[in-house]
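# Overview (structure and organization)
Here is how the chains run, residue by residue.
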Amino acid sequence: MAEKKQTIVIKKIIVSGGGGHGGSWKVALADFMTALMAFFLVMWLLGQSEETKKAVSDYFSTPSVIEYNFQNFGAELTLEKLFLDILNEPLKAFQSFMEPVDKTPNLLDMGSTKVVAAYLADQMNDVAKNVVVTPEGYDFDIPDYMLFERGTAQPNANFVKVMDKIKGVTGGLKDADIKITSGLFVQAVPDGSLMSANKVASERFDIVRNKILASLESNTVSVVGGISVKEKRGEIDPAKLIGFIRVKIAQKELTSDGRKPRKLEALFGPSRVDMSVYDNFVNQISNRKKAEASKDLKKQVDQELKEETGIKDPSTQTE
């Protein structure tokens with residue numbers, strides 16, 4: 001009988017994967033580290049005072065110290081600022097939890113061009129014109145009739161209110177240069193002379209500069225500038241002879257401790273946030289204020305009808 005040959009079976013196991021035995025472990029490690037960070041953050045929060053917990057809550061509910069009134073952009077701005085803060089300066093982001101909520105904001109330290117534009121819109125929507133926000137800083141114009149009597153350096157009734165708004169976006173600055181330009185047309189002064197126009201423009205510059213200087217909270221900010229006086233021959237229409245106070249804020253080349261400052265960024269790459277974004281925020285604020293005003297007017301009318309006719313709710317009454 002012939003000898004039965006043994007069958008040899010060769011089994012090949014092919015493992016398909018990237019270098020280092022695949023990369024799936026990286027995803028698992030990232031998830032674990034994220035969960036671990038969240039756990040330690042929660043444990044840290046549990047041991048803090050009520051003031052600290054409130055500060056952390058305010059940070060996540062509003063970007064930095066900003067009280068937002070925007071229905072469409074509030075969450076987006078909050079997430080953008082938080083993402084940029086943690087990505088660029090994680091330790092500083094957590095340190096900002098401790099800052100008091102009523103602290104005057106340093107707009108150059110907010111990290112996001114869109115957040116700065118939103119804050120300017122919220123604070124200065126009814127006074128600022130020609131608003132521009134760039135990675136280096138921001139600038140805006142204030143028409144002279146909002147601060148001074150026509151053709152003079154005499155502050156008008158709105159001066160204090162408008163200067164408070166300006167101080168709100170300059171007072172908290174650090175390591176910044178503020179340039180003020182006092183612009184005026186020669187034909188806007190009563191006697192129409194160049195000498196008078198230069199004198200008025202210079203006095204306006206000094207008044208605004210001294211007010212801003214007095215409001216600064218840091219000695220690392222410089223305030224400089226000058227005047228811009230031009231002629232507009234043959235023009236007599238006051239609406240076309242409006243002067244301005246231009247405020248231009250920019251980061252210094254180096255901070256007081258010798259570091260390069262962090263520029264303002266956009267979440268999806270560098271971009272210029274100009275009047276289109278600013279106007280979007282301003283329109284939302286204006287529409288909200290108009291809606292609130294119409295509600296107040298309706299309440300006032302209802303109250304008057306109630307007093308005159310005795311009807312408790314005029315909107316629900318039928319003939």
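Above this text you will find the structure in question.
Every value quoted in this text rests on a predicted model; they were computed, and no experiment measured them.

A cluster of nonpolar side chains, F39, F40, V42, M43 and L46, forms an exposed patch at the surface whose accessible area comes to about 530 Å². For L46, the location among the structural elements is in helix α1 (residues 24-46).

Within the open sheet, the five strands sit side by side as β1-β2-β5-β3-β4. Their pairing is mixed. Sheet topology places β1 (129-134) and β4 (221-230) at the edges, where each strand pairs with a single neighbour. Going from strand to strand, the sheet's axes swing by 10 degrees on average, the running direction of each strand aside. Contacting β2 (137-143), β3 (176-185) and β5 (244-251), helix α6 (residues 159-170) runs over the sheet at an angle of about 175 degrees to β2. Its contacts with the sheet place helix α7 (residues 194-215) against β3, β4 and β5, and it is angled at close to 160 degrees to β4.

With respect to the helices and strands, the residue L213 is situated in helix α7. Residue L213 is classed as partly exposed on the basis of its relative accessible area, which comes to 33%. Each C-alpha atom, one on L213 and one on K167, is 9.3 Å from the other, the two residues being 46 residues apart in sequence.

Here we take up the nonpolar core. Within the largest apolar cluster, 38 residues are counted, with the highest numbers of intra-cluster contacts made by L120, M124, Y138, F140, I142, I178 and I212. When residues of this core are traced back to their parent elements, those giving at least two are α5 (113-124), β1, β2, α6, β3, α7, β4 and β5. Broken down by element, the residue count for this core peaks at six residues, all from α5.

As for its position among the elements, A128 is in the loop between α5 and β1. Here A128 falls in the buried class, since its relative accessible area comes to 6%. Taking the C-alpha atoms as reference points, A128 and V162, separated by 34 residues in sequence, lie 9.5 Å from one another.

About the cut-offs
- Residues numbered from 1 in each chain as written.
- Predicted model: local features only at pLDDT ≥ 70, side-chain atom pairs only at ≥ 80, totals over all residues.
- Heavy atoms only, no water.
- Patch = residues over 30% accessible without salt bridge, like charges linked within 9 Å, V, L, I, M, F, W, Y side chains within 5 Å.
- Areas by Shrake-Rupley, 256 points an atom, 1.4 Å probe, with all protein chains shown as cover.
- Salt bridge = Lys/Arg side-chain N within 4 Å of Asp/Glu carboxyl O.
- Helix = DSSP H or I, 4+ residues; strand = E, 2+ residues; numbered from the N terminus.
- Pairing = 2+ DSSP bridges.
- Axes fitted to C-alpha atoms, helices over the stretch in contact; angles between N-to-C directions.
- Contact = heavy atoms within 4.5 Å.
- Buried < 20%, exposed > 50% of the residue type's maximum accessible area, 1.4 Å probe, protein only.
- Core = buried A, V, L, I, M, F, W, Y, C linked by side-chain atoms within 4.5 Å.

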